[in-house]
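Residue strings, one per chain:
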Amino acid sequence: MRTLLRFLAYVWAAPNTVLGLALGALSFQRPRTAAGVLVFDARDRGFVWVLARRGWRAITFGHIVLSSKPVEGVTLFHELAHVRQYERLGPLFLPCYVALHLFTGYRQNPFETQATRAELR
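Counting of residues starts from 1 at the beginning of each chain's written sequence and follows it residue by residue. Given that the model is predicted, a residue must reach a pLDDT of at least 70 before its local features are reported, and side-chain atom pairs must reach 80 or more before they are shown or counted; all residues, however, enter totals for whole chains, interfaces and linings. Hydrogen atoms and water are omitted, and side-chain values are computed over all heavy atoms in the structure.

## Points about the pairing of strand β4 (residues 64-67)
Three exposure classes are used, based on accessible area relative to the maximum for each residue type with a 1.4 Å probe and protein chains only: buried under 20%, partly exposed in between, and exposed over 50%. Only DSSP runs of H or I with at least four residues qualify as helices, and only runs of E with at least two residues qualify as strands; both kinds are numbered from the N terminus onward. On β4, burial covers both faces: I64 and L66 on one face and V65 and S67 on the other are all buried. Only strands that DSSP links by at least two bridges are regarded as paired with each other. Judged from the four bridges that link them, strand β3 (residues 58-61) and β4 form a sheet pairing that is antiparallel. Bridge pairing in β4 links F61 to I64. The turn joining β3 and β4, which pair antiparallel and follow one another in sequence, is formed by two residues; a positive phi near 65° is taken by G62.

## Considering unusual backbone geometry
Located in the positive-phi region is F28, a residue other than glycine, with phi close to 55°. Notably, A35 is not glycine yet its phi reads approximately 55°, a positive angle. Turning to its location among the elements, A35 is positioned in the loop between β1 (32-34) and β2 (37-40).

## Here's the deal with the nonpolar core
Take the buried Ala, Val, Leu, Ile, Met, Phe, Trp, Tyr and Cys residues and link them wherever side-chain atoms come within 4.5 Å; each set so joined is a nonpolar core. Core analysis: the largest hydrophobic core is formed by twelve residues, namely A13, L23, F40, V48, L51, F61, I64, L66, Y86, F93, Y97 and F111. Elements that contribute at least two residues to this core include exactly α1 (2-25), α2 (46-54), β4 and α4 (93-108). Residue contacts for Y97: discarding those within four places in its chain leaves Y106, N109, F111 and E112. Listed in part, the nine residues of the second largest apolar core include A34, A58, V71 and L76. A contact between two residues is defined here by any heavy atoms of the two lying within 4.5 Å.

## Some remarks on the environment of V18
Tracing the sequence through the fold places V18 in helix α1. Taking the relative accessible area as the measure of exposure, V18 reaches 54% and is therefore exposed. A C-alpha to C-alpha distance of 8.9 Å links V18 and H63, two positions 45 residues apart in sequence.

## Notes on the pairing of β2
Across three bridges, the pairing between β1 and β2 is antiparallel. Along β2, the bridge assignment pairs T33 with L38. What sits between the antiparallel neighbours β1 and β2 is a turn of two residues, in which A35 has the positive phi angle 55°. Where β2 and β4 come together, three bridges link them in parallel fashion. Considered in β4, the bridge of F40 is made with L66.

## As for a nonpolar patch on the surface
Like charges are joined within 9 Å and nonpolar side chains (Val, Leu, Ile, Met, Phe, Trp, Tyr) within 5 Å, but only among residues with over 30% relative accessible area and no salt bridge; these make up the patches. We get accessible surface area from the Shrake-Rupley algorithm with a probe of 1.4 Å; when it comes to residues, only the shown protein chains can shield them. One side-chain nitrogen of Lys or Arg within 4 Å of one carboxyl oxygen of Asp or Glu is enough to make a salt bridge. A surface patch of nonpolar side chains, about 640 Å² in accessible area, is lined by M1, L4, L5, F7, L8 and V11. For F7, the position within the fold is in helix α1.

And the structure:
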């Protein structure tokens, strides 16, 4: 039963993961795996270069993490919290995240506060 639930979580988050794969391909680098997700953090090129110029540490789409810095430790825990959020909300995550971001800003966004709490584990 647990395997079935994991499979369904991956399927539910799949539309976002496909978006992440496309943006990862635009980073012109080979991904690595970490804690069950694909991570594009080897080079500061393409889409990841754009992230760095915007001052973003990392961004997650489904089961894909894109970052201009190595994703490990606290950053990995933070991004894995977002992966779990994608698994719960699936294709609804991005519209919900953006709507909350517009009303609360980045620091007060409940998705971000939850991910920040996950850094402490």
